[in-house]
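# Survey of secondary and tertiary structure
Given next are the chains, with one letter for each unit.
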Amino acid sequence: MLLSVIIPTYNEKHNIIPLTQRLCRCLEGREFEILFVDDSTDRTPQVLEELSRRDGRVRYLHRVNQRGLATAVVEGFRAARGEILAVLDADLQHPPELLPQMLDHILRGYDLVIASRFVPGASDSGLNFQRKLVSLAARLAGRLLLKSLRPVRDPLSGYFMLRREVIEGVPLSPLGWKILAEILVRGRYSRVVEVPFTFQRRLNDRSKMNITEQLNYLRHLWRLLRSSPEDLRFWKFCLVGTCGVAVNFAFFALFTFLLALDVLFSALLASSLAMYANFLLNDAITWNQPKHDHVLVRAAKFYLFSGTGMLLNAAVLSLLHSYWQVPALWANGMGILAATAWNYYANNRWTFTARSFR
Ligand SMILES: Nc1nc2c(ncn2[C@@H]2O[C@H](COP(=O)(O)OP(=O)(O)OP(=O)(O)O)[C@@H](O)[C@H]2O)c(=O)[nH]1
Ligand SMILES: [Mg+2]
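Cut-offs used in this document
- Within each chain, residues carry numbers counting from 1 in the order of the written sequence.
- Chain A is the first chain written and ligand 1 is the first ligand written, with later ones labelled in order.
- Only residues with pLDDT of at least 70 are given local features in this predicted model, and only at 80 or more are side-chain atom pairs given and counted; all residues enter the totals for whole chains, interfaces and linings.
- Water and hydrogen atoms were dropped before computing side-chain values, which therefore reflect all heavy atoms in the structure.
- Throughout, the term near means that a residue has one or more heavy atoms lying within 4 Å of the molecule or strand in question.
- Two N or O atoms count as a polar contact when they lie within 3.5 Å, although within protein this holds only if one can serve as hydrogen donor and the other as acceptor, and sequence-adjacent residues are included solely when both atoms are side-chain atoms.
- Accessibility throughout is a Shrake-Rupley quantity obtained with a 1.4 Å probe, and a residue counts as covered only by protein chains that appear here.
- Per the convention used, a helix needs a DSSP run of H or I reaching at least four residues, while a strand needs a run of E reaching at least two, with both numbered from the N terminus.
- The residue classification treats Ala, Val, Leu, Ile, Met, Phe, Trp, Tyr, Cys and Pro as nonpolar and Asp, Glu, Lys and Arg as charged. All others, Gly included, are polar.
- Donor criterion used throughout: N, O or S atom within 2.8 Å of the metal, extended to 3.2 Å for Na, K and Ca. Water excluded; incomplete-looking sites may result.
- For the exposure calls, accessible area comes from a 1.4 Å probe over protein chains only, and a residue counts as buried if that area is under 20% of its type's maximum, exposed if over 50%, partly exposed in between.
- Aromatic rings from Phe, Tyr and Trp, taking only the six-membered ring of Trp, are treated as a pair when their centres fall within 6.5 Å; an angle between ring planes under 30 degrees marks them as stacked, one over 60 as edge-to-face, and anything in between as tilted.
- Charge-over-ring contacts are defined here by two conditions on Lys NZ or Arg CZ: a distance within 6 Å of the ring centre and an angle within 35 degrees of the ring normal.
- An automatic or database domain assignment provides the domain bounds reported here.
- Only heavy atoms enter the contact rule, under which two residues are in contact if any of them lie within 4.5 Å.
- Reported buried area values correspond to the accessible surface (1.4 Å probe) lost by two parts on association, with both partners' losses combined.
- For this analysis, a salt bridge means a side-chain nitrogen from Lys or Arg found within 4 Å of a carboxyl oxygen belonging to Asp or Glu.

Now for the site of ligand 1. Ligand 1 sits among 21 residues. The nearest are E12, D39, R67, D91 and S207. Within the backbone of Y10, one N or O atom sits 2.9 Å away from an oxygen atom of ligand 1. Measuring from an oxygen atom of ligand 1, one finds a backbone N or O atom of G68 at 2.8 Å. Burial of ligand 1 by the protein amounts to 95% of the accessible area it has alone, namely 640 Å². Residue assignment for the shell around ligand 1 shows that the elements contributing at least two residues are β1 (3–9) and α3 (69–79). Classifying every residue of the shell around ligand 1 by side-chain character gives nine nonpolar, four polar and eight charged.

Take a look at the structure:
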């Protein structure tokens, strides 16, 4: 099976020759092509032209007045001839010597193989402290927002290999750099494996990572979130929950300060009203679909699950606080997390179930 190695390049004239030499050496005896997708404004295209003339396994596309690492990779996917596709950076931070091992994983049946900086045996020592911090924040944000990124330790790696079927016919519209995140959310795959590697220091030419790309990543996450109904639903649920807290406070203030009602009674009444507001909002916005149950049944189930959620919150809080001496605020935070997870799971599964049409 032909392997296409796709390499996005932007002003990497000093890296292309050493990279190609290392690639050819380590892929000796395998069927492969190397495809550079280049947006350079320096002499890189001339280097690529000469190289591709000398070696028939090397091809390149040069895009004029275009930028974007991820879109370059997508063009590479389109132009590649192989059934197996690999992507890596040009600057030798991704050691090409890992490719044969990745290829073996694909041949053994994996759909997607990720060269990972964060599995045992790996390291990201080629990044300085500030870049490590930015990378950590980016990874956390991605994994928090998007379910598909969670099972993977390095969902933002720029070094990976896949079978063509994973992206064949899938509309990819990445923004910025993180093409792997796009594939993890939209691609068709079932078996994924991460292999460890040491992210090397950049040797030649200058880094192209900058604040614009970091902001593009946030825009990309937002785009992925919008196109991922399941993730979006969970975050709408959290937003509605936060509004519920505000509604609760407002009613509590009204009952205690203006109407001078008993504090406990006010709290119970405010909670019930906030729960009702949450029910209406979730029913109309979060699960905006024809439902299986009658509205009264849905409301009853919602109250039941929210009530058990409150008990769960209290149980987690007291367990953590009394038995493990976790400070009360932290323990309460964890209780809230547990209750939110339960409420979402239970209501998603049993309260707002979609009507099935026969
Ligand atoms: N085609 C194309 N390639 C790009 C573009 N921006 C960056 N690249 C390439 O994408 C790869 C990653 O870019 P780097 O500058 O190495 O980014 P980085 O590895 O996160 O940053 P450093 O650790 O500082 O190297 C390199 O091969 C770049 O040449 C672009 O706009 N178009
Ligand atoms: Mg780099």
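So, about the coordination of the magnesium ion (ligand 2). Note on the magnesium ion (ligand 2): its protein donors are D91 (OD) and Q93 (OE1). The metal-donor distances range over 1.8 to 1.9 Å. An identical accessibility class is assigned to D91 and Q93; each is buried.

Before going further, it helps to spend a moment on the packing of aromatic side chains. By convention here, two paired aromatic rings are described through the distance between centres and the angle between planes. Considering all chains together, one arrives at 16 aromatic pairs under this definition. Between the aromatic rings of F251 and F255, the centroid separation amounts to 5.8 Å while the plane-to-plane angle is 20°, which identifies the pairing as stacked. Note that F251 and F255 are positioned in helix α8 (residues 229–258) at a spacing of four residues, about one turn of the helix. On the accessibility criterion, F251 (28% relative accessible area) is partly exposed. Following the ring pairs from residue to residue traces out a cluster consisting of F234, W235, F237, Y276, F279, W287, F302, Y344 and F352. Over the face of the ring belonging to Y10 we find R67, whose NZ or CZ atom lies 3.5 Å from the ring centre.

What follows covers unusual backbone geometry. Here L92, not a glycine, exhibits a phi torsion of approximately 70°, which is positive. Looking at the secondary structure, you find L92 in the loop between β4 (84–87) and α4 (99–107). Note on L92: relative accessible area 7%, which makes it buried. A positive phi is found at Q325, a non-glycine position, where the angle reads about 55°. Its place among the elements puts Q325 in the loop between α10 (295–324) and α11 (328–351).

A few words on the domain arrangement of the protein. Under the domain assignment, the protein is made up of domain 1 (3–226) and domain 2 (229–351). The C-alpha-based centres of domain 1 and domain 2 are spaced at 43 Å. Between domain 1 and domain 2, the residue contacts involve seven residues of the former and four residues of the latter. Interface of domain 1 and domain 2: buried area, both sides summed, is about 550 Å²; carbon and sulfur atoms make up 56% of it. Looking only at domain 1, the three residues that lose the most surface to domain 2 are L145, K147 and L225, adding up to 63% of its buried area. For the salt bridge of K147 with E230, the shortest nitrogen-to-oxygen distance reads 2.8 Å. Across the contact surface, domain 1 and domain 2 share three residue pairs in polar contact (both at pLDDT 80 or more). Elements supplying a minimum of two residues to the side of domain 1 that touches domain 2: α5 (129–145) and α7 (211–226). Classifying every residue of the side of domain 1 that touches domain 2 by side-chain character gives four nonpolar, no polar and three charged.

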